[in-house]
Amino acid sequence: MSTSAITTRCSIVGGGPGGMMLGYLLARAGVDVVVLEKHADFLRDFRGDTIHPSTLELMRELGLLDAFLRLPHRKVERLVGEIGKVRVTMAEFTRLSSACKFIAFMPQWDFLDFLADRGRRYAGFHLMMNAEATDLIERGGQVVGVQANTRSGVIEVSADLVIGADGRHSVMRERAGLKVEDLGAPMDVLWMRLSRRPDDYAAVFGHIETGGILIMLDRGDYWQCAYVIRKGSAEEVMKGDIGDFRRTILALSPWLGERVNELKSWDDVKLLTVALDRLSQWYRPGLLCIGDAAHAMSPIGGVGINLAIQDAVAAANILAEPLRAGAVTVDDLARVQRRRQWPTWVTQAFQRTIQTRVIGPLLAGTAQPKLPFAVKLLNRFPALRAIPARFIGIGVRPEHIRTKEAAGA
Ligand SMILES: Cc1cc2nc3c(=O)[nH]c(=O)nc-3n(C[C@H](O)[C@H](O)[C@H](O)COP(=O)(O)OP(=O)(O)OC[C@H]3O[C@@H](n4cnc5c(N)ncnc54)[C@H](O)[C@@H]3O)c2cc1C
């Protein structure tokens, strides 16, 4: 196979929410950017479809909100759960002060396609699909580019800065030798679809029972269901009879009735492994990791996409000018980590607490699902539901767009 070479200011590895948002913002600010995405399109299922009020606020700041909300989406104004037999509203986004008081559920491929489409309107935005980064190119201890396999051969992308936005199994952070601190996750998730009827409850719905947790996301004509299992137990579970599995799901949500028969075989069930980790240092000279590549988030609270996007905005705010000038320093990269490290830690601490106090014991079958005191308060004083709504919907230390659209970009 042939090897070709291109040169850019910034090469972003990974076209997920973090990478695409950063690519868009840098191109808008007049920085030449190449985004490498290993898949042929964004049409992959099970990647989280939550567009948070904070992201909608960013869209508003960018002047894109109206166009964005014209894409098909469902508005979710509250998160509802059932703990044992008790139904509780955990978060109410209508109580937020932001412009959009809801989570927009939108297939992630529509969101990423939207960013790609808007990015292509800038001369400096180059998105390469089917381009899988395999290694970093280094010179004298400095990362100076990235090597990728494409359908037409190997490509070497020389860049002043490489961004690792390649998710929780990041190859870039591994090649860079960045130290990963594993925080542990007691669970993995089995994903499946079950049809949804117009008269079904409309919300994000979680049911917690001893030994089982089932989360159901309303996706219009179907429910995206996540059944939480003990870490590493997927093989054992999926060796069993699919009929037993159907009965387990039915026991957690009896109202599904015969719809569980839509799970005909294990082919209808997909495993997603969960990780919770973070890098001690997010950067090396010439390289910065953001999003899950810097800190893999657990699905708890559905906040990982939000964090990846917030990292992207902070990175653009801090790096656009030095990138335009061709003078990014290690101090600039350290500033991005300093800005985003604290929100990450706080959010991961919350996820860890839920993992160890609630999910771990429930999955081990050692705890009866009881209403935690905080949840009892939420039930009693609805105004308090603004607190989880803010944590989930806006997050800690929300970012704002500080970059300007460059003239002639
Ligand atoms: C089961 C599960 C459910 C979740 N549900 C939610 C949810 O509902 N809401 C939420 O906010 N978060 C959710 N999360 C967390 C969320 O998925 C992540 O935090 C978020 O996607 C991180 O975004 P990212 O851009 O950093 O990485 P990713 O979304 O992982 O994107 C990385 C991109 O890089 C590409 N890539 C990988 N390697 C390479 C390579 N070598 N070369 C080129 N491209 C590459 C991938 O194809 C991918 O497109 C969930 C996580 C799990 C595990």
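Right above here is the structure, for reference.
Moving on to the overall build of the protein chain. Of regular secondary structure, the protein chain possesses eleven helices and 20 strands. In terms of overall size, the protein chain behaves like a compact globule, its C-alpha atoms giving a radius of gyration of 22 Å where 409 residues would be expected to give roughly 22 Å. Along the first, second and third principal axes, the C-alpha atoms of the protein chain reach 60 × 45 × 35 Å. Taking all 409 residues of the protein chain together, the buried fraction comes to 55%. Restricting the contact set of the protein chain to residue pairs at least 6 apart, pairs at least 24 apart contribute 75%.

Summed over the entire model, instances satisfying the criterion amount to 18 salt bridges. Linking lysine 231 and aspartate 188 is a salt bridge whose minimum nitrogen-to-oxygen distance equals 2.6 Å. With lysine 231 in the loop between β16 (222-230) and α6 (234-239) and aspartate 188 in strand β13 (residues 187-195), this pair connects stretches of sequence that are 43 residues apart. Put simply, Asp311, Arg339, Arg340 and Glu399 are held in one network by salt bridges that share partners.

Turning to the side chain of serine 253, a few remarks are in order. Structurally, the position occupied by serine 253 is in the loop between α7 (242-252) and β17 (270-273). By relative accessible area, which is 1% here, serine 253 ends up buried. Residues in contact with serine 253, not counting those within four places in the same chain, are Leu214 and Met216.

Moving on: the site of the ligand. The local shell around the ligand holds 33 residues, among which Gly18, Glu37, Thr50, Asp292 and Ile305 are the closest. Within the contact set of the ligand, an oxygen atom lies 3.2 Å away from a backbone nitrogen or oxygen of glycine 304. Contacts to the ligand include isoleucine 305, whose backbone N or O atom sits 2.9 Å from an oxygen atom. Look at the ligand: alone it shows 1,000 Å² of surface, and the protein chains cover 93% of it. Residue assignment for the shell around the ligand shows that the elements contributing at least two residues are α1 (17-28), β9 (132-139), β17 and α8 (304-325).

The next thing to look at is the state of the cysteines. A complete count under the given rule lists zero disulfides for this structure. With no disulfide of its own, cysteine 289 lies 12 Å from the sulfur of cysteine 10, the closest cysteine sulfur. You can call cysteine 289 buried: its relative accessible area is 0%.

Attention shifts here to the pairing of β13. The buried fraction of β13 amounts to seven of the nine residues, a majority that puts the element mostly inside the structure. Bridge count for β13 against β16 is nine bridges, and the pairing is antiparallel. Bridge pairing links serine 195 to tyrosine 222 in β16. By the bridge criterion, four bridges tie β13 to β17 in an arrangement that is antiparallel.

Attention shifts here to the sheet that holds strand β7 (residues 103-105). With antiparallel pairing, three strands are arranged side by side in an open sheet as β3-β7-β4. The open sheet is flanked by β3 (50-51) and β4 (74-76), the only strands paired with a single partner.

Summed over the entire model, instances satisfying the criterion amount to seven aromatic pairs. With centroids separated by 5.2 Å and ring planes inclined at 65 degrees, the aromatic side chains of phenylalanine 68 and phenylalanine 114 adopt a geometry described as edge-to-face. In this pair, phenylalanine 68 is assigned in helix α3 (residues 65-69) and phenylalanine 114 in helix α4 (residues 108-119), connecting sequence segments 46 residues apart. For phenylalanine 114, a relative accessible area of 8% corresponds to the buried category. Note on phenylalanine 350 and phenylalanine 391: the rings are 4.7 Å apart at their centroids and 70 degrees apart in plane angle, and the pair reads as edge-to-face. With phenylalanine 350 in helix α9 (residues 330-363) and phenylalanine 391 in helix α11 (residues 386-393), this pair connects stretches of sequence that are 41 residues apart. A relative accessible area of 29% means that phenylalanine 350 is categorised as partly exposed. Aromatic ring contacts, followed pair by pair, group Phe68, Phe111 and Phe114 into a single cluster. When the ring centre of phenylalanine 102 is taken as origin, the NZ or CZ atom of lysine 75, which lies over that ring, is 5.1 Å away. Over the ring of tryptophan 223 we find arginine 196; its NZ or CZ atom is 5.3 Å from the centre of that ring.

Reading the values: rules and limits
- Starting from 1, residues in each chain are numbered consecutively following that chain's sequence as written.
- Given that the model is predicted, a residue must reach a pLDDT of at least 70 before its local features are reported, and side-chain atom pairs must reach 80 or more before they are shown or counted; all residues, however, enter totals for whole chains, interfaces and linings.
- As a rule here, side-chain values come from all non-hydrogen atoms in the structure, and water together with hydrogens is ignored.
- A run of DSSP states H or I qualifies as a helix once it reaches four residues; a run of E qualifies as a strand once it reaches two. Both are numbered from the N-terminal end.
- Radius of gyration here is computed from C-alpha atoms only, and the compact-globule reference equals 2.2 Å multiplied by the residue count raised to the power 0.38.
- The buried label goes to any residue with under 20% of its type's maximum accessible area, the exposed label to any with over 50%, and the partly exposed label to all in between, with areas taken from a 1.4 Å probe on protein chains only.
- A contact between two residues is defined here by any heavy atoms of the two lying within 4.5 Å.
- Every case where a carboxyl oxygen of Asp or Glu lies within 4 Å of a side-chain nitrogen of Lys or Arg is listed as a salt bridge.
- Summary of the distance rule: residues count as near a molecule or strand when at least one heavy atom falls within 4 Å of that molecule or strand.
- Two N or O atoms form a polar contact when they lie within 3.5 Å of each other; inside protein one atom must be a possible hydrogen donor and the other a possible acceptor, and for residues adjacent in sequence the pair counts only when both atoms belong to side chains.
- Computed with a 1.4 Å probe, the accessible areas rest on the Shrake-Rupley method; for each residue, only the protein chains presented here act as cover.
- Cysteine sulfur atoms are paired as a disulfide whenever they come within 2.5 Å of each other.
- Should DSSP find at least two bridges between two strands, the strands are regarded as paired.
- In summary, the pairing rule links any two rings of Phe, Tyr or Trp, Trp by its six-membered ring, whose centres are within 6.5 Å, and it sorts them by plane angle into stacked for under 30 degrees, edge-to-face for over 60 and tilted for everything else.
- Put simply, a charge is over a ring when the Lys NZ or the Arg CZ is close to the ring centre, within 6 Å, and near the line of the ring normal, within 35 degrees.

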